Amino acid sequence: MTLQEHIAQVAQQVEQFSASSQEALEALRIKYLSRKGEITALFEELRAVPKEEKAQYGQPLNLLRQKAEARINELRELLAQKKAADDVASADLTRTPDPIAIGARHPLSLVREEIIDIFSRIGFTVADGPEVEDDEHVFGLLNFAPEHPARDMQDTFFVEKEEGVQKPTDILLRTHTSSVQTRVMTEAAERLRSGEQSSIRVLCPGRVYRNEAISARAHCFFHQVEGLYIDKNVSFADLRQALLYFAKEMFGADTQIRLRPSYFPFTEPSAEMDISCNICGGTGCAFCKGTGWVEILGCGMVDPNVLEACGIDSKVYSGYAFGMGVERIANLKYRVKDLRLFSENDIRFLGQFQSC
Ligand code: DAH
């Protein structure tokens, strides 16, 4: 067979290329185009052709190779399309989709957001402040006496200024979010004086630190939400009403509150607020130790000394403040018995809040 006849013969076979599977197609490619394939062999044959005749075969041979490659690519595409169509046709549409692990919001975040949500409905906005604070904002401006025990290393974490030297230093980890009050007040004082701002109404959520041994009931860090309202003619009745509204929104419309006299350096008068036990409804149970009441926060009228220290005229302005522990509220809502669970990130615990 001459080379010409041979080319014509292979060209005819290429025209008839067909394959019912990717494997069959690959076999065709190997048969014709691989190193030992038939078309490759034709190029070998070309080598033996006398020089003067080469030109007349070169072009048809190249065309043949291109055609074979194009045909194989085309068949490959057709097979892929057919497979995709078959897959759709045979898909089981009733099959349960792959389970997607859905994360859960942390219970403390849920509670914090709910507290913010409730107070934002009566005009409170959120203010922020640093966790590493100075003595002035955590204690000084809040009317703590110089020798107050909270200023002691046993209760407060001080930040070392020099390695190994813990005290005296005035930099510490805030022990309460009341420190944000003093930042907000000193910052707003000038605007209140000039009339540019008429009142302060903020919530300060955040993490606080205390030098406590970690146990089921105590931790060296926890979370608080502080509230502060400063305006002209703010009264204790306003405080009580705001807290009653909060308690009913948070724990249900039947919830009662009671305010017991207490002491905080930065409020006068000061009180601690109890709510009727939301577990027994106030009849007395183990959780409320049979009293029917559980303590949830501290509050009071901002001490005039604090207003003045922050640059606010206590003859013109008065205000109330309150501070609550987020873990405490979360315990009441979700009955978490061990405080450590909140910071251990055990997904068996966290997973229970998926639907909240
Ligand atoms: N800062 C107090 C604490 O950590 C809580 C507190 C009590 C905040 C009374 C207040 C308040 O604003 O008026 O125990």
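Here we summarise the structure given alongside this text. From a predicted model like this one, the values you see are computed outputs, not experimental measurements.

Rules and cut-offs
- Residues numbered from 1 in each chain as written.
- Predicted model: local features only at pLDDT ≥ 70, side-chain atom pairs only at ≥ 80, totals over all residues.
- Heavy atoms only, no water.
- Helix = DSSP H or I, 4+ residues; strand = E, 2+ residues; numbered from the N terminus.
- Buried < 20%, exposed > 50% of the residue type's maximum accessible area, 1.4 Å probe, protein only.
- Polar contact = N/O pair within 3.5 Å; in protein donor to acceptor, adjacent residues only side chain to side chain.
- Contact = heavy atoms within 4.5 Å.
- Expected span 1.5 Å × (residues − 1).
- Arc of directions from axis to C-beta.
- Disulfide = S-S within 2.5 Å.
- Near = heavy atom within 4 Å.
- Areas by Shrake-Rupley, 256 points an atom, 1.4 Å probe, with all protein chains shown as cover.
- Nonpolar A, V, L, I, M, F, W, Y, C, P; charged D, E, K, R; others polar.

## Observations concerning the side chain of Ser-178
So, step 1. With respect to the helices and strands, the residue Ser-178 is situated in helix α7 (residues 178–194).
So, step 2. Taking the relative accessible area as the measure of exposure, Ser-178 reaches 3% and is therefore buried.
So, step 3. A polar side-chain atom of Ser-178 sits 3.0 Å from a polar atom in the side chain of Glu-226.
So, step 4. Ignoring any residue separated from it by four or fewer positions in sequence, one finds Ser-178 in contact with Leu-142, Glu-226 and Phe-266.

## A look at helix α1 (residues 3–15)
So, step 1. A rise of 1.5 Å per residue sets the reference length of α1, with its 13 residues, at 18 Å; its end C-alpha atoms lie 18 Å apart and thus fit the reference within 8%.
So, step 2. Among the residues making up α1, those that are buried are Leu-3, His-6, Ile-7, Val-10 and Val-14. Each buried residue of α1 lies within a common arc of 100° when the element is viewed along its axis, so the set occupies one face. Turned more than 90 degrees off the buried face of α1, the exposed positions are Gln-4 and Gln-12.

## With respect to the state of the cysteines
So, step 1. Per the stated rule, a full pass over the model turns up zero disulfides.
So, step 2. Distance from the sulfur of Cys-204, which forms no disulfide, to the nearest cysteine sulfur (Cys-310) is 12 Å.
So, step 3. Left without a disulfide partner, Cys-280 is nearest to the cysteine sulfur of Cys-277, which lies 3.6 Å away.

## Concerning the site of the ligand
So, step 1. What surrounds the ligand is a group of 15 residues, the closest being His-176, Ser-178, Arg-210, Gln-224 and Glu-226.
So, step 2. A distance of 3.0 Å separates a nitrogen atom of the ligand from a polar side-chain atom of Ser-178.
So, step 3. Residue Glu-226 places a side-chain N or O atom 2.5 Å away from an oxygen atom belonging to the ligand.
So, step 4. Taken by itself the ligand offers 360 Å² of open surface, and the protein chains cover 89% of this.
So, step 5. Counting residues per element, the ones that place at least two in the shell around the ligand are α7, β5 (221–231), β8 (293–302) and β9 (318–325).
So, step 6. Among the residues making up the shell around the ligand, the classes are represented as five nonpolar, eight polar and two charged.

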